[in-house]
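In case you want the letters, here they are:
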Amino acid sequence: MFNIFGKRPPAETAPRIHLETQPAVIYAVGDIHGCLDKLKALEAFIAEDAASIDGEKLIITLGDYIDRGPASAQTLNHLIRRAPEGFKRICLQGNHEVMFQKAVEQPKSMGDWLEWGGRETLTSYGIDGDAFRSMSVRTRGQVMQSFIPVDHLDFLKSRPIMVTAGAFTFVHAGIRPKVALEQQRDEDLIWIREPFLSQPHGLPTTVVHGHTPMDAPSVAEGRIGIDTGAYAGGPLTAVKILKSGAISFMSTTAPKPAT
């Protein structure tokens, strides 16, 4: 079912997955940011909603599992385990995963990561943020390597950066307008906002993305945005996509799955 694109942009490394057969239903989940309780609640909604659906069921998480929220380490533990019963799961890479890996590998360059939610991630691993800031670069690296499990880093390094299924493309941030999917740069897929958010991308696909927090899911020409600011008090949102192409939304604020 899963094929890696044969043609890759120069100097890019993250895998890209093409689903030859679209599942009966896909649930794409927006930015989690360490909000494990909301993720578990949303997974319960998804399981209830999918109970009457026959065929293959897939959950795609759109990246940014860590930083800002209270339970980054615990969220990775959860995602590393098996998907909910009856589902397959693909976890994409987001910009916060990239910053985190760079901070571990190059402690001297972690200033931006600490300001963008890294402090909360350190706390989730049992590392005191105030003490960490006062450490030398060498000691910071040693502490992170001591406290962060190898399986967390291996998981993050192996994350794909794009999934295509039928008429839909799933990425963390968006795509560069007017550029073919196979030529999209990894950096754009995890970081882009403009011009992606303000102009049609011109490709024959609907891009499902997170990265840009909004009060509610955003549906525009050629794209669906589902980052609803879970870490800042908003809901965690998923878009449900049936094989027919029909879409609907559900979130942790809903008393039951949306229809």
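Residues numbered from 1 in each chain as written. Predicted model: local features only at pLDDT ≥ 70, side-chain atom pairs only at ≥ 80, totals over all residues. Heavy atoms only, no water.

## Quick word on the environment of L58
Put simply, the test is: Secondary structure elements are taken from DSSP: a helix is a run of H or I of four residues or more, a strand is a run of E of two residues or more, and numbering for both begins at the N terminus. Whether two residues are in contact is decided by their heavy atoms, any of which lying within 4.5 Å being enough.
Relative to the helices and strands, L58 resides in strand β4 (residues 57–61). Along the primary structure L58 and D37 are separated by 21 residues, whereas in three dimensions their C-alpha atoms are 20 Å apart. Here L58 is in contact with L19, P23, V25, I26, Y27, F87, K88, R89 and I90, once residues within four sequence places are set aside.

## A word on the pattern of salt bridges
The condition that has to hold: Salt bridges are defined as contacts in which a side-chain nitrogen from Lys or Arg sits within 4 Å of a carboxyl oxygen from Asp or Glu. Throughout this description, buried means an accessible area under 20% of the type-specific maximum (1.4 Å probe, protein chains only), exposed means over 50%, and partly exposed covers the range between.
Using the criterion set out here, one finds 10 salt bridges in the structure. Here D188 ties to R176 by a salt bridge, and the two come within 2.9 Å at their closest N and O atoms. Residue D188 is found in helix α8 (residues 186–191), and its partner R176 is found in the loop between β7 (168–170) and α8; the two are separated by 12 residues along the sequence. What makes R176 partly exposed here is its relative accessible area of 30%. Between E187 and R185 there is a salt bridge; the shortest N-O distance is 2.8 Å. A relative accessible area of 45% means that E187 is categorised as partly exposed. Taken together, the shared-partner salt bridges connect R176, R185, E187 and D188 into one network.

## Here we look at the packing of helix α2 (residues 72–80) against helix α7 (residues 150–157)
Put simply, the test is: With axes taken as lines fitted to C-alpha atoms, and helix axes fitted only over the stretch in contact, angles between N-to-C directions fall between 0 and 180 degrees. Orientation categories follow fixed angle ranges, with anything under 35 degrees roughly parallel, anything over 145 roughly antiparallel, 65 to 115 roughly perpendicular, and all other angles oblique. Definitions for this section: a left-handed crossing has its near helix turned counterclockwise from the far helix by less than a right angle. A right-handed crossing has that turn clockwise.
Two elements in contact, α2 and α7, have axes whose closest approach is 10 Å; the angle formed by their N-to-C orientations is 70°. Relative to α7, the element α2 lies roughly perpendicular. The chirality of how α2 crosses α7 is left-handed. Two secondary-structure elements touch here, α2 through A73, L76, N77, L79 and I80 and α7 through D151, H152, F155 and L156.

## A few points about the environment of M214
Summarising the element assignment, M214 is placed in the loop between β8 (206–209) and β9 (218–220). For M214 and G225, which are 11 residues apart along the polypeptide, the C-alpha to C-alpha distance reads 8.2 Å. Every residue in contact with M214, bar those within four places of it in the chain, is listed here: R223, D227, T228 and G229.

## Some remarks on the nonpolar core
Threshold: Each nonpolar core is a collection of buried residues, namely Ala, Val, Leu, Ile, Met, Phe, Trp, Tyr and Cys, held together in the definition by side-chain atoms within 4.5 Å.
Counting 62 residues, the largest nonpolar core has F100, M144, F170 and V208 as its most contacted members. Examining the composition of this core, we find that six residues originate from one element, helix α1 (residues 36–50), more than from any other. Here F100 is in contact with I66, W113, T121, Y125, M144, I148, L153 and L156, once residues within four sequence places are set aside. If you look at the next biggest cluster of nonpolar residues, it comprises 12 residues, including M162, L189, I190 and F196.

## Observations regarding the sheet that holds strand β12 (residues 247–251)
In a beta sheet, neighbouring strands pair by backbone hydrogen bonds and run either parallel or antiparallel. Let me state the cut-off plainly: Here the rule is simple: two strands pair whenever DSSP picks up at least two bridges between them.
Reading across the sheet, the five strands line up as β5-β4-β3-β11-β12 and stay open at both edges, with mixed pairing between neighbours. Two strands lie at the open edges of the sheet, namely β5 (88–91) and β12, each paired on one side alone. Here the average twist between neighbouring strands, direction ignored, is 20°. Relative to β12, strand β11 (residues 237–242) runs antiparallel, the two being bridged by five bridges. Bridging across to β12, T237 finds its partner in S251. The strands touched by α1 are β3 (25–29), β4, β5, β11 and β12; relative to β12, the strand with the most contacts, the crossing angle is about 140°.

## Here's the deal with helix α4 (residues 111–124)
Inclusion rule: One less than the number of residues in a helix, times 1.5 Å, gives the span that helix is expected to have. Here the bend at a residue is taken as the angle between two axes, fitted respectively to the seven residues that end there and the seven that start there.
The first and last C-alpha atoms of α4 sit 18 Å apart over 14 residues, in line with the 20 Å expected at 1.5 Å per residue. At G117, α4 is bent by approximately 80°, the largest bend along its length. For α4, the full list of buried residues reads W113, L114, G117, G118, T121, L122 and S124. In the core, the buried residues of α4 are packed alongside α2, α3 (95–105), α5 (129–133) and α6 (137–147). Directly after α4, the chain includes G126, whose backbone phi takes a positive value near 85°.

Geometry only, nothing functional implied.
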